[in-house]
Amino acid sequence: MKILIVDDENSFRQHLRNLLKREGHQVEEAADGKNALDIVQCQSVNLVLLDIVLPDMDGIQILKKLKEWQPEIQIIMITANATVENAVASMKLGAYDYLIKPFDFDELIILVERAGELVRLRRDSEVLNLEKNRKLQFDQFVGQSGHYKQTMELIRKVAPTQSTVLITGETGTGKELVARAIHYMSERKDHPFLVINCNAIQDTLLESEMFGHEKGSFTGAVRNKRGLVEVAST
C-alpha cells in the first residue's frame, strides 16, 4: 500500500517511515500542505497520515481537498492539540480515523491495516461493479461428482438465508470461489465481501482485530475500535 506521511516534524516522519516500511508499505513524506497536495496529484496514494497543524495550511482544508479529488483515498488525522470540533469536522469530511499524539504505534499499525483492507475492498468492489449485470453461472464450477452436485445445491439453499456458513477444504479446492458465489447470490451482494488472511495477524491482536474492543478493556486500549466482523457487516 502507498502511504503519504504529512507532518512538519522531521524526526516524527522518519520514525513513521521506518515503521511503515518494516510493515511492507511504500512511503512518501511531505513537511507541508502544498507538497502533500502535489504528491497526491502526481502519484497514486492509498492512505494519508495527515497532521492537522501544518506551517502553510490547515489539515482540515487539506483533508477536504483530497476527498474532493480522490473520494476513495483513506486519511487518518493526527494532532497533538485535539479538540472535539476538529474530530467531528474530520469525520464529517470523510477521515478514516483520528489519532492524538502521543499515541501507541501498535494502534497506528492496526489502523493502517484496517484502512488497507478497506482499500482492497473497494478495489474488489470496482471489479464486481464491472460485472454487475452478469449473473453468476454455475458453469464457472467444473465437476460431475456427487459431492460437487451436493455443494451446488447447498450454495443455492444457503445463499438466500442469514445463516453463518463455515467452508472447509484443502488448499486449492475453491473455498473462496464458493464463498463469493454465496455472497453474490445473497441479499448482500451489493455490500462488502471482505477477505482476511488470519496468518498475517499477530496472535495477540487477532481477537481485537476481528471483534474490536472497548476503550480501557486492556492495557493500551486507549479508544474504542471496530472489529473487522463489524466492518464487514456495514
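Everything in this summary refers to the structure shown in the same document.

The topology assignment puts Ser 208 in helix α8 (residues 203-211). In this structure Ser 208 comes out as buried when scored by relative accessible area, which is 10%. Look past the residues within four positions of Ser 208 in its chain and what remains in contact with it is Arg 114, His 213, Phe 218 and Gly 227.

Take the side chain of Glu 117 next. Topologically, Glu 117 is positioned in helix α5 (residues 105-130). By relative accessible area, which is 13% here, Glu 117 ends up buried. Once residues lying within four places of it in the same chain are set aside, the contact partners of Glu 117 are Leu 194 and Val 195.

Moving on, we come to the packing of helix α6 (residues 146-158) against helix α7 (residues 175-185). Contact pair α6 / α7: the axes reach a minimum separation of 9 Å and the direction vectors enclose 35 degrees. Along this stretch, α6 crosses α7, giving a crossing that reads as right-handed. Taken together, the residues of α7 that come into contact with α6 (itself represented by Thr 151, Ile 155 and Val 158) are Val 178, Ala 181, Ile 182 and Met 185. When the residues that make up the contact of α6 with α7 are grouped by side-chain class, the tally is six nonpolar, one polar and no charged.

Right, let's get into α8. Every buried residue of α8 is accounted for by Ser 208, Glu 209 and Met 210. One or two steps after α8, the chain reaches Gly 212, where phi turns positive at roughly 80 degrees.

Going through the model one piece at a time under the given rule, you end up with eight salt bridges. For Arg 156, the salt bridge is made with Glu 153, and the minimal N-O distance between the two is 3.8 Å. Within this pair, Arg 156 and its partner Glu 153 are both found in helix α6, separated by three residues, close to a single helical turn. Its salt-bridge partner being Glu 176, residue Arg 180 comes within 3.1 Å of it at the nearest N-O pair. Of this pair, Arg 180 and Glu 176 both sit in helix α7, four residues apart, which is roughly one turn of the helix. Note on Arg 180: relative accessible area 28%, which makes it partly exposed. Take Glu 176: its relative accessible area is 41%, and that puts it in the partly exposed class. By sharing partners, the salt bridges in this structure join Asp 7, Glu 9, Asp 51 and Lys 101 into a single network.

A separate point is the pairing of strand β1 (residues 2-6). Taken across its five residues, β1 has five buried, putting it largely inside the fold. Across five bridges, the pairing between β1 and strand β2 (residues 26-30) is parallel. Bridging across to β2, Leu 4 finds its partner in Glu 28. Handedness of the β-α-β unit built from β1, helix α1 (residues 10-22) and β2 comes out right-handed. One ladder, built from four bridges, connects β1 with strand β3 (residues 47-51); its direction is parallel. Bridge pairing links Ile 3 to Leu 47 in β3.

Rules used throughout
Residues numbered from 1 in each chain as written. Predicted model: local features only at pLDDT ≥ 70, side-chain atom pairs only at ≥ 80, totals over all residues. Heavy atoms only, no water. Helix = DSSP H or I, 4+ residues; strand = E, 2+ residues; numbered from the N terminus. Buried < 20%, exposed > 50% of the residue type's maximum accessible area, 1.4 Å probe, protein only. Contact = heavy atoms within 4.5 Å. Axes fitted to C-alpha atoms, helices over the stretch in contact; angles between N-to-C directions. Left-handed = near helix turned anticlockwise from the far one by under 90°. Nonpolar A, V, L, I, M, F, W, Y, C, P; charged D, E, K, R; others polar. Salt bridge = Lys/Arg side-chain N within 4 Å of Asp/Glu carboxyl O. Pairing = 2+ DSSP bridges. Right-handed = clockwise from strand over helix to strand, strands pointing away.

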